[in-house]
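The lines below spell out each chain.
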Amino acid sequence: MLIIMKLDSTRQDIDKVMNKIASRNCVPHEIPGASKLGIGITGPTNLLIEEEFLGLDSVEEVIRVTKPYKLVSREMKPDDTIIDFEDTKIGGEELTMIAGPCSIESRQQLFDIAGELKEMGIKFLRAGAYKPRSSPYAFQGLKEKGLLYLSEVKKELGLKIVTEAKDTKSLPLISAVADIIQIGARNMQNFSLLEEVGQLPNAILLKRGMAATIEDLLMSAEYILSQGNFNVILCERGIRTFETMTRNTLDLNAVPMIKKHSHLPVIVDPSHGIGIWDKVQPMAMAAVACGADGLMIEVHNHPEQALSDGSQSLTPKNFKKLLEKIEQLAPIVERKINYYAQVN
Ligand code: PEP
Ligand code: MN
């Protein structure tokens, strides 16, 4: 259920409604909109009576939310969510670029790649310290040492960090260094992990599970929002289909569908989506064309030596070419790129 407050309502009016909701064993969530304040309600809302709230002077409207997901839905919040990161934003008219290696392999490797990305104007560096690999024998990441290198690169180059949390145990360490905590495809329905990141101050990048529907993804995001963290970014990274020629099938249908049903920003990861480095650029362009709020691209300075996902990683030189293409495309879809490509 959603309560829309009148424009002139005071803090006292808002608190009165919030307290009334809490007294009925439901949870109120303040949802500031572009022009009006909404109060979203989760919990046993079937027990609430609309008239009780409509009787209050400060309440303009009471809306029943029909979707199984509530706080992530556009019914609850019609305006796009825009996440603020001091000098940049994700969502709205911004087009965000997140780039970096699949895994941190050494201090040198991380600094070399990060340095090249920084020169291109990239603000968000992705790099995994804890790697959820399909095989237990594959490289599992540098773990704490990787986080240390990330904190050093963040301090020295001023990049914002996107890195994955695999479990709840490592969350305090990851939370201290990450600007955005990634929840990977394999963990999309790890509900205890989702609830824990829902209580953190970091923004969360939630990747779609490889066999998850769009509704499953939205329900998983709901777990995070329901704990109070509204800074959630959804990520389409490809799903498993009968197709074997590509690593996954990048479901770009998801972008306009998510935009229709949710206010949350959507990032597309064409690297995992197609899994073939020289096909990443066309899929990145398609993602921007269909309304993605940004891209996440794997970049490695020596893809042939990479300890994970080398075959889908772009060299910095090829990544520059992709940036140039996206720069040409952005104005056509009325997007402002928040990095500056300097293509030689
Ligand atoms: C990754 O981003 O490197 C990764 C492991 O992604 P996914 O969870 O989408 O497979
Ligand atoms: Mn990867």
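Residue numbers run consecutively from 1 along every chain, following the written order of its sequence. As a convention, the first chain written is A and the first ligand written is 1, with the rest following in written order. Where totals are concerned, whole chains, interfaces and linings use all residues; where local detail is concerned, this predicted model gives features only for residues with pLDDT of at least 70, and gives and counts side-chain atom pairs only at 80 or more. The basis for the side-chain values is all heavy atoms of the structure; hydrogens and waters are excluded.

A closer look at the overall build of the protein
Which entries qualify depends on this criterion: The helix count covers DSSP runs of H or I at least four residues long, the strand count covers runs of E at least two residues long, and both are numbered beginning at the N terminus. Taken over C-alpha atoms, the radius of gyration is set against a globule rule of 2.2 Å times the number of residues to the power 0.38. Note on classification: 1.4 Å probe, protein chains only; a residue is buried when its accessible area is under 20% of the maximum for its type, exposed when over 50%, partly exposed between these limits. Any two residues whose heavy atoms approach within 4.5 Å are treated as being in contact. To measure how exposed things are, a 1.4 Å probe is used in the Shrake-Rupley method; for residues, cover is taken only from the protein chains shown. The positive count covers Lys and Arg only, the negative count covers Asp and Glu only, and His and the chain ends enter neither. By convention, charge coordinates are those of NZ in Lys, CZ in Arg, CG in Asp, or CD in Glu.
Assigned secondary structure in the protein consists of eleven helices and 15 strands. For 344 residues, the compact-globule estimate of 2.2 N^0.38 gives 20 Å, and the protein sits close to it at 21 Å. Dimensions of the protein along its principal axes, counting C-alpha atoms only, are 65 × 45 × 45 Å. The buried share of the protein, taken over its 344 residues, is 54%. Here the analysis covers contacts within the protein between residues at least 6 apart in sequence; of these, 67% occur between residues at least 24 apart. In the form shown here, the protein has an accessible surface area of approximately 14900 Å², with 52% of it arising from carbon and sulfur atoms. Each charge class in the protein can be summarised by its mean position, and for the 40 positive and 45 negative side chains these summaries are 3 Å apart.

Thoughts on the sheet that holds strand β2 (residues 27-32)
Test applied: Criterion used throughout: strands pair if DSSP finds at least two bridges between them. Simply put, an axis is a line fit to the C-alpha atoms, just over the touching stretch for a helix, and the angle between two N-to-C directions goes from 0 to 180 degrees.
Across the sheet, four strands lie side by side as β2-β3-β1-β4; this open sheet has antiparallel pairing. Two strands in the sheet have a free side with no partner beyond their single neighbour: β2 and β4 (59-63). Across the sheet, the mean angle separating the axes of adjacent strands is 20 degrees when strand polarity is ignored.

What to know about the packing of aromatic side chains
Aromatic ring pairs are described here by two measures, namely the spacing of the ring centres and the angle between the planes. Worth spelling out the cut-off: Pairing of aromatic side chains here covers Phe, Tyr and the six-membered ring of Trp, requires ring centres within 6.5 Å, and sorts the geometry by plane angle: under 30 degrees stacked, over 60 edge-to-face, intermediate tilted. To sit over a ring, a charge needs its Lys NZ or Arg CZ within 6 Å of the ring centre and within 35 degrees of the ring normal.
Inspection of every chain in the model, using the stated rule, returns two aromatic pairs. On the numbers, 4.3 Å between centres and 20 degrees between planes, the contact of Phe191 with Tyr223 is stacked. Of this pair, Phe191 sits in helix α6 (residues 191-197) while Tyr223 is found in helix α7 (residues 214-226), placing the two residues 32 residues apart along the sequence. Residue Phe191 is classed as partly exposed on the basis of its relative accessible area of 33%. The ring of Phe111 has Arg107 lying over it, and the distance from NZ or CZ to the ring centre is 4.3 Å.

Quick look at the packing of helix α10 (residues 280-289) against helix α11 (residues 316-329)
Test applied: In what follows, roughly perpendicular refers to angles from 65 to 115 degrees, roughly parallel to angles under 35, roughly antiparallel to angles over 145, and oblique to any angle outside these ranges. Left-handed describes a crossing whose near helix is turned anticlockwise from the far helix through less than a right angle; right-handed describes the clockwise counterpart. Charged means Asp, Glu, Lys or Arg here, nonpolar means Ala, Val, Leu, Ile, Met, Phe, Trp, Tyr, Cys or Pro, and polar covers whatever is left, Gly included.
Direction vectors running N to C along α10 and α11 enclose 25 degrees, while the axes themselves pass 10 Å from each other. For the element pair α10 / α11, the angle class is roughly parallel. Crossing hand, α10 versus α11: right-handed. For the pair α10 and α11, contact is made by Val280, Gln281, Ala284, Met285, Val288 and Ala289 and by Lys321, Leu322, Lys325, Ile326 and Leu329, respectively. Residue classes in the contact of α10 with α11 are distributed as eight nonpolar, one polar and two charged.

Quick word on the nonpolar core
Nonpolar side chains in soluble globular proteins tend to be buried together. Here is the rule we go by: By convention a nonpolar core is built from buried Ala, Val, Leu, Ile, Met, Phe, Trp, Tyr and Cys residues, the set being connected through side-chain atoms within 4.5 Å. For the domains described, the bounds stem from an automatic or database domain assignment.
Among the nonpolar cores identified, the biggest contains 77 residues, and Met97, Ile297, Phe319 and Ile326 are the most heavily contacted of them. With six residues, α7 is the largest single contributor of residues to this core. Inspection of this core shows a minimum of three residues originating in each of domain 1 (2-63) and domain 2 (83-341). Excluding its chain neighbours within four sequence positions, the residues that come into contact with Ile297 are Met97, Ile98, Ala99, Gly100, Arg126, Pro270, Ser271, Val280, Ala284, Leu314, Phe319 and Leu322. Met18, Cys26, Ile41 and Leu48 belong to the second largest nonpolar core, which has 16 residues in total.

Remarks on the coordination of the manganese ion (ligand 2)
Rules: Distances define the donors: N, O and S atoms within 2.8 Å of the metal qualify, as do those within 3.2 Å of Na, K or Ca. Water is excluded, so some sites may look unfinished.
Protein coordination at the manganese ion (ligand 2) comes from Cys102 (SG), His272 (NE2), Glu298 (OE) and Asp309 (OD), with a distance range of 2.0 to 2.4 Å. Counting residues between consecutive donors of the manganese ion (ligand 2) along the chain gives the motif C-x169-H-x25-E-x10-D. Of this pair, Cys102 sits in the loop between β7 (94-100) and α3 (107-119) while Glu298 sits in strand β14 (residues 294-298); the two residues are 196 residues apart in sequence, bridging distant segments of the chain. Note on Glu298: relative accessible area 1%, which makes it buried.

Considerations on the site of ligand 1
As a reminder, the rule being used: Being near a molecule or strand, for a residue, comes down to having at least one heavy atom within 4 Å of it. Distance and chemistry together define a polar contact, namely a pair of N or O atoms within 3.5 Å, with one atom able to donate a hydrogen and the other to accept it when in protein, and with adjacent residues in sequence counting only for side-chain atoms on both sides.
Lining the immediate surroundings of ligand 1 are Cys102, Arg126, Lys131, Glu164, Gln182, Gly184, Ala185, Arg186, Lys207, Arg237, His272 and Glu298. Interatomic distance of 3.0 Å between a side-chain N/O atom of Gln182 and an oxygen atom of ligand 1. Between ligand 1 and the protein, one listed contact pairs an oxygen atom with a side-chain N or O atom of Arg186 at 2.9 Å. Here ligand 1 loses 97% of its free accessible area of 300 Å² to cover by the protein chains. Class assignment of the residues belonging to the shell around ligand 1 gives a composition of two nonpolar, three polar and seven charged.

Remarks on α10
What counts here: Think of it as the arc spanned by the lines of direction from the helix axis to the C-beta atoms.
Residues Val280, Ala284, Ala287 and Val288 constitute the buried set of α10. The buried residues of α10 occupy an angular sector of 95 degrees when the element is viewed end-on, so they sit on one face. Directly after α10, the chain includes Gly291, whose backbone phi takes a positive value near 110 degrees.

Re the pairing of strand β3 (residues 37-42)
Counting buried residues along β3, six of its six residues qualify, which places the element largely inside the surrounding structure. The two faces of β3 match: Leu37, Ile39 and Ile41 on one face and Gly38, Gly40 and Thr42 on the other face are all buried. Pairing of strand β1 (residues 2-5) with β3, which is carried by three bridges, proceeds in the antiparallel orientation. From the neighbouring strand, Leu2 faces β3, where its bridge partner is Gly40. In this antiparallel pair of consecutive strands, β2 and β3, the connection spans four residues.

A short note on the domain arrangement of the protein
What the domain assignment lists for the protein is domain 1 (2-63) and domain 2 (83-341). Placing a centre on the C-alpha atoms of domain 1 and another on those of domain 2 gives a separation of 35 Å.

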